[in-house]
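# Tertiary structure, described
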Amino acid sequence: MFEKSLHDLVRGIRNNKQNEARYIAGCIDEIKSELRQESKGVKATAVAKLIYLQMIGYDISWAAFNIVEVMSSQKFTHKRIGYLAATQCFHDETDVLMLTTNMIKKDMSSHNLYDAGTALTGLSCFVSNDLARDLANDLMALLASIRPYVKKKAILVMYKVFLKFPDSLRPAFPRLKERLEDADPGVQSAAVNVICELARKNPKNYLALAPIFFKLMTASTNNWMLIKIIKLFAALAPLEPRLGKKLIEPLTNLIHSTSAMSLLYECVNTMISAVPTHVPSMQLCVTKLRVMIEDPDQNLKYLGLLALGKILKHHPKAVQAHKELVMGCLEDRDESIRLRSLDLIYGMVNRKNLVEIIKKLMLHVDSAEGSAYRDELVSKIMEICAQSNYQNVVNFEWYISILVDLTHVEGTNHGKMIADQLLDVAIRVRAVRSFAVKQMARVLENMHVLAQKTQQNGVCEVLYAAAWISGEFPSLLDDVETTLEALLVPRALALPGHIQSIFVQNIIKLYAYLFKTKEEEEDDDEDEEREDDDRILKLLLEKLPLFLNSPDLEVQERASCVLQILKYMPKMKEKGAEVAEELAELFEGELNPVAPKAQKKVPLPEGLDLDKWINDQPSESSDEEDFSMETAFISQEKKKPKTREEIEEQEEEYEKKREARRQSQLNNPHYLQASSKQVKSDGVDRIPVASLKLDVPLKIETDFKIEKKSKKKKRRKGGRRKNEESSDDDIPRRSQRVDITTEEMPEGAVASDGERGGRDDDDDTADPHRALDIDLEKPLEADEVLPVRKHRVVTSKTLEEVEEEQRKAKKERRKTKEKEKEKKRKHKKHRKHKEKEEEKEEEEEEVEVAEVAVEPVKEEEDAREKSESKKKRKGKQKVEEKVVEVKPVATKPEQHALDDYEFWLSKPNEAETEKAEVEKVVVAEKEEKPKKQKTPKKVKGEKKKKKKEKEEEQPPPAISDEQKIEEPEEVEIIPTYLPLASDENVDLTYELRVNPSINNQVVASVIFKNLSGENQLINMEFNVLDSLNTKMIRPIGSPSHDGIQVPFQLPPGIANEAQFAFMVDGIQMPQKLRGTLTYMIKRSDGATSEKLDFKLSFPCSGFIYSATCDGKEFSELLSGGKLCEAQTLKIKLTKSSSFAHALRRACTLFKLSVIERVEGSASLYGRTIQKHHVCVLVKMVDDSEVSVSGKCSDSMLISQLLNEFKTEL
C-alpha cells in the first residue's frame, strides 16, 4: 500500500542528483523486499521500476526469476511488464529461460489476441537455441492461424527461429511460401520481409518464387513491400539472365510513376544489377539519378552518386555526359558527398579530359577544408594519372610539374606516395628523365621549405626521391656542384634517418661523377683543376662528419665508409693511380624497376628441396619423463643416442605398468568402469578429450614440425595461384611516342594480377546468416521433421534389447521401401499395358471406318474429336518432356513449381506459337483431298490413310444447325500498337498501358523507327500539348510547354521504345492531344533539323485493364444494382470475320477477360483504373451480325465503349 510507484522512483532520482547512487541503492533494497511479497501487482510494479533502472545502466539479472513470475501472471497489464523486462535483460545464456518454454507456448496459443502478440514479440528478442528447437513446431502451426495479427507476428518470429535452429528452415519453408499469397496485406508483407532476409546468403534457393514476387510487385501499392521485393530481384537477377528482361517493363513503369525517392533508388539499383547492358534502361536510370543528385537533400545526393558509380562500370560514356554535375559536387559542404564524387571522377577520366579534370582538382586542393579531405584529393590526383600504367598521360613533363606542385601542399601525409610516383616516372620514362632531374635539383635547393616540421609534415619524403634521382643521373644536372652543396647543408640532419642515408649515398655518387669528368677534360690549366678538386674534397671532409653524429646507425655507417674512401683517394692519386675511373665504376650501370611479384616468381634451382631438413630430424618420443631441477636446464654434456634394444625394453616396461594399472582399476570398487562399446587403445589415445569453454583463449606455441608443414601448405597454395593468374601485358598505344620501361621479372615468368594470401574475406564466421546456406530445392527426407516435445519414457530394457529393436525397425523400414519400389514398378508396367490396349482399340476403330461406306453423323463427329484430342495430347506430352529433361529431379509439388517458373520465364508468345502450329497441321490435314478412291486393304500401315480417304470422298450428310461444329481456324495476330505519325525519316507507333495501382495515370509506350536509310537520328524531343483533362508528366522543375528528351539515338534501320506518362482526371470521354516530335538528321555533310506533328488519341478502352472475376462474383455484380442499365448495339461482321475472331479482337483491343463462353455468346469483364466495373455480353444473332450489350457503373463510359466496339469489330 505504501510502496513507491515508478513515478515516485523517477521523481526521487531527479531530486537526489548529489547522492544518486546511494538513493538508488536504497530503492533496490526496497524493490527486493517487494519482490518477496505474494501480491502480483506489487511484483509487477517492482519489475517496472527495475526496467527503468536497467535503462539507466544498472544490472538487474539477479531478478530474472522474479521477471518470469510476472510473465506468468494471468493479468495482461502484469504480463506485458514481465515480457518487456525479459526483452531487455534476457539473453541466450540466461539460466531461467528453460523455465519459460511451456509458459510461452501457452501464451502463444491463447485466445486473447494481445497475450499471443506479447509472447511472440518477447520471444523474438530473447529466443535461444533450445527455445527455437522446442517452439518451432508451435510457431509453424500459428502460420495457419485465422487471425492475421498473430499470423503476421509468427512469420516474423520464425526468422529468428531459423537463425537459432537452421534445421527448421526446410520443413517450415512450404508453409512460409503459402503466406506470400495470403489475403491479408500485412501477412504478405511479413512473409516478403522474412524471405528477403533469408535470401541474403543463398538467393538461388528462392529463384522459383520469382513468379509470385513478380505478381506481388505489379499488384501491390505498399512502397515498403515493393522495396523489399525489388531488393530480392536485385539478388536473383544475376543468377537468371532471362529474369532481367522480365523486370524491364515493371521497373520502368515504377521509375516513371513513383514519387517515393526510396523506391526510385531501389528500382534503379535493381535495374543496374539485372540488365546492366540494356542501353535504354541505363539511360533512363542516369536521367533519374541526375534528378536525385540535383536534389538539395544530402542523402538523396549521396545515393545518386553511389548508383552512378555502379553504372560507370558498364556505360562510362553515359556517365561522362554528366561530368559537370559530378564536378560541382566537389563544392558540397558534406565531405562524404565530395569523397563519393571523387570516386566517380576517377572512372570518368580519359585522355581528352585528364588535364582539365586535374586542373580543377588542383584548384580544390588549394581551397579544401580539413586535412583528411585534402589528403584524399592529393592521393586521388595521383591515382587518376597513374591508372592503367599511365595510359591517359600524354605529356609526362606536365605530370612531373603536377607532382612538384603537390609537394607544396601544407600538412599532407602523402609525401611517400609523391616520392614513389617521382621515382617511377623518372626511371621508367626516359623521355622525361632530363626534365625530372632538373626539377629534383630545384627541390633540393629549396630543401628548407620541405624540411620544416618533419614530424608533422610528410612532404619531406619527397627529398628521398629528389636525392636519389639527382645522384643516379648526374649527367643530366645543369650544375652538379650546386646540387652537391645542397645535400651537405646542416639542415639535412633534421630529416628522418632513411632520408639522411640516401643523402650520404648520393653525395659520393655526385663526387665520383665530378671527379671523373674533371680528369677527362683536357684543359691547359691543370693547377686550376687541381684547386677545384681539392676545394670539393675539402668541403666533403668538413661537412660529412656532421652525419657521424646522426642518431641513425645506418647513416653513421654510410658516412664513415664514405669518409674513409675520400681520405684514401688523395694517397692513391699521389701514387699515380687512376682513382676517378675506379670510383665511378662503383656506381655504373642502370637500375631498372623490379616487379612487386618478381621474388615470388623466381624458379627454384634444380636439386633444391626447401622442405628437406638441413640437420637430422629430431626424434619424436612419447616417453613420460619426470620433471626435475636437473632436467630443467640444458646439459652441456652430449647424450648418447639410445639403441633400438633399449627403446624396446622401455616399451615393455611401460606396457607392464599399464597392465598393472588396469588390474588395479578393475579391482577398485570406487572406480567407474568404461562401457563395453569403448574402443581400447594404448598410450595417450585412451585419454578422453573434452572441449573447454574458456573466457580467455589459450595460446599454445606450435613445434617446429607443425610450422614446417604450414609453410609447405602455403607454398603449395601459392603455386596454385600462380597457375590461375592472368597476364596483363597489353598497354594501350599513345598519341605521343613515349617509352615506358617495363618492370623486370625472372626469366620465363609473366606479370599477373594480385595474389591474395591469408584467409578469404568472405569467410566471416560471425555472420548469423552463414548457417542458412541450405538447399531448399532438395526434397524433404523422412527424418527432416520439426521436433515435438514429449515426456521421456523410462524403460527397464537392457542396452542389447534396445539395439535389437532398432535393428528390427531398420529392417522393417527397408522392407517398406522395397515394397513401395515394387508397387511403382507394377504401376508403370500396368500403365504401359493400358496404353497398348488403347492403341489396339484405335486400330480396330480405323478398320471399321475403312470398311463401312456411310456412318451416322454422330459417330463421325466422335471419331474426329477423339483423333484431334489425341493429337493435342501427344503434342502436349512432347512439350512437357522437353521441359522436364532440362530440370533436375524433384518431387511432384516442387516439379510443378519449377514448371511454372520455366513457363513464366519463357517468351510470352512461345506457348501460343506452338498451339497455332498444331492447329495449322490439323487444318492442313483436313484440306488434303485424294484424287480417286481405293479399295481398303488389311495392311497395318495404310489403315489410317484409308480412313481419311473414305471420309473425305464420301459426300457430307445433311447436318442441322444445332449439330454444326466450328472447325479450328488460323489464329490472326491482332496488333496492339496503333499508328501515330510517319514521314520519310521516322515512323511512330504507340500503345497505351495502365497500372492498376494508380488511378489517374496512363503511360504511352511509343516505338521510334528510323526510315532515313543511312542517316542517324539524334536530339529527338517528344512534346504533347496539355489539355484541361490530360497532362504529360515532365521532369521536376520543367515548364509545362517543354518537351521531353528521348533518351536514345536511332542508327539507320533501328527501332527503339520510349515511355511517356500522362496524368488523367476523367476517363469517361476520349481525348485527342496535339503533339510534335523534333529531331535532327545527322548526315556526313552536317545535320538538319526536322519536325513531325501528330495527334495522340486516348480512347476510353485505353483506361481498362484485364481483371480476374469468377462466375459467382460476375452474377452478383450484374444483379446487385450497382451498374447502370444495359445498352445494346448490333454490329455487322465482314464476310471473312467470324464470332471467334470478333471475340478475340474484343478481348485483345479492349483488355477484357472471358468469364463464361457458351455456343454463340460470351460474357466479358474488365475494370478501369478508376475502379469502374465493365460487363459486356457478346452474342451471335446470325451468320453476319453480333449483338453487344454492356453494363457499367458510369453510363457515359459504357456508351463511349460501345461506340469503340462498333468501330473495331
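Before any of the text, the structure's been laid out above.
Before going into details, it helps to say that this report is about the structure given with it. Every value quoted in this text rests on a predicted model; they were computed, and no experiment measured them.

### Concerning the sheet that holds strand 6 (residues 1044-1045)
In space, the four strands of this open sheet follow the order 6-4-8-9, with antiparallel pairing throughout. The open sheet has two edge strands, strand 6 and strand 9 (1086-1098), and neither has a second partner. In terms of strand pairing, strand 4 (residues 1016-1024) meets strand 8 (residues 1071-1083) through seven bridges, oriented antiparallel. Bridged to N1023 within strand 8 is T1076.

### Structural notes on empty space enclosed by the protein
Within the structure shown, the criterion is met by two cavities of 30 Å³ or more. Within this model, the largest cavity holds a volume of roughly 60 Å³. Forming the boundary of the largest cavity are N253, S257, R993, V994, N995, I998, Q1001, V1002 and V1003. Of all the elements in the fold, those that place two or more residues in the lining of the largest cavity are helix 14 (241-257), strand 2 (986-994) and strand 3 (1001-1010).

### Considerations on a positive patch on the surface
A cluster of basic residues, K808, K810, K811, R813, R814, K815, K817, K819, K821 and K824, forms a positive patch at the surface. Secondary-structure assignment places K815 in helix 36 (residues 799-851). Exposure remark for K815: the relative accessible area of 54% places this residue in the exposed category.

### Here we look at a nonpolar patch on the surface
A cluster of nonpolar side chains, F65, M98 and L99, forms an exposed patch at the surface whose accessible area comes to about 360 Å². With respect to the helices, strands and loops of the structure, M98 is situated in the loop between helix 5 (76-89) and helix 6 (101-108). Overall, the relative accessible area of 65% leaves M98 in the exposed class.

### Topic: helix 3 (residues 40-55)
Over its 16 residues, helix 3 runs 23 Å from end to end, which matches the ideal 22 Å to within 8%, given 1.5 Å per residue. Among the residues of helix 3, those classed as buried are V42, K43, A44, A46, V47, A48, K49, L50, I51 and L53. Those residues of helix 3 that are buried are in contact with helix 1 (6-15), helix 2 (20-35), helix 4 (64-71) and helix 5. Of the residues flanking the start of helix 3, the one acting as N-cap is S39, its side-chain oxygen 3.4 Å from the backbone nitrogen of G41. Two residues or fewer after helix 3 comes G57, characterised by a positive phi angle close to 110°.

### Regarding the packing of helix 21 (residues 354-367) against helix 23 (residues 396-406)
Close contact between helix 21 and helix 23 brings their axes to 12 Å; oriented N to C, the two are set at 10°. With respect to each other, helix 21 and helix 23 are oriented roughly parallel. In this structure, helix 21 contributes L354, V355, I358 and M362 to the contact, and helix 23 contributes W398, I402, D405 and L406.

### Some words on the sheet that holds strand 5 (residues 1030-1032)
Spatially, 1-2-3-7-5 is the arrangement adopted by the five strands of the open sheet, whose pairing is antiparallel. Unpaired on one side and paired on the other, strand 1 (978-982) and strand 5 mark the two borders of the sheet. The average angle at which neighbouring strand axes cross in this sheet is 30°, direction not considered. Where strand 1 lies against strand 2, four bridges are found, and the strand directions are antiparallel.

### Notes on unusual backbone geometry
Of note in this structure, S388 is not a glycine but carries a positive phi near 55°. Relative to the assigned elements, S388 resides in helix 22 (residues 371-390). Exposure remark for S388: the relative accessible area of 44% places this residue in the partly exposed category. If you check the backbone angles, N1019 has positive phi at about 50° while not being a glycine. Along the chain, the position of N1019 falls in strand 4. Looking at N1019, the relative accessible area reads 43%, which means it is partly exposed.

Basis of the calculations
- Residues numbered from 1 in each chain as written.
- Predicted model: local features only at pLDDT ≥ 70, side-chain atom pairs only at ≥ 80, totals over all residues.
- Heavy atoms only, no water.
- Pairing = 2+ DSSP bridges.
- Helix = DSSP H or I, 4+ residues; strand = E, 2+ residues; numbered from the N terminus.
- 1 Å grid on protein atoms, 1.4 Å probe; cavity = no way out; pocket = protein on both sides within 12 Å on 5 of 7 lines; lining within 4 Å.
- Points joined across faces, edges and corners; volume = space filled by probe spheres on them.
- Patch = residues over 30% accessible without salt bridge, like charges linked within 9 Å, V, L, I, M, F, W, Y side chains within 5 Å.
- Areas by Shrake-Rupley, 256 points an atom, 1.4 Å probe, with all protein chains shown as cover.
- Salt bridge = Lys/Arg side-chain N within 4 Å of Asp/Glu carboxyl O.
- Lys, Arg positive; Asp, Glu negative; His and termini not counted.
- Charge placed at Lys NZ, Arg CZ, Asp CG, Glu CD.
- Buried < 20%, exposed > 50% of the residue type's maximum accessible area, 1.4 Å probe, protein only.
- Expected span 1.5 Å × (residues − 1).
- Contact = heavy atoms within 4.5 Å.
- Polar contact = N/O pair within 3.5 Å; in protein donor to acceptor, adjacent residues only side chain to side chain.
- Axes fitted to C-alpha atoms, helices over the stretch in contact; angles between N-to-C directions.
- Parallel < 35°, antiparallel > 145°, perpendicular 65-115°, else oblique.

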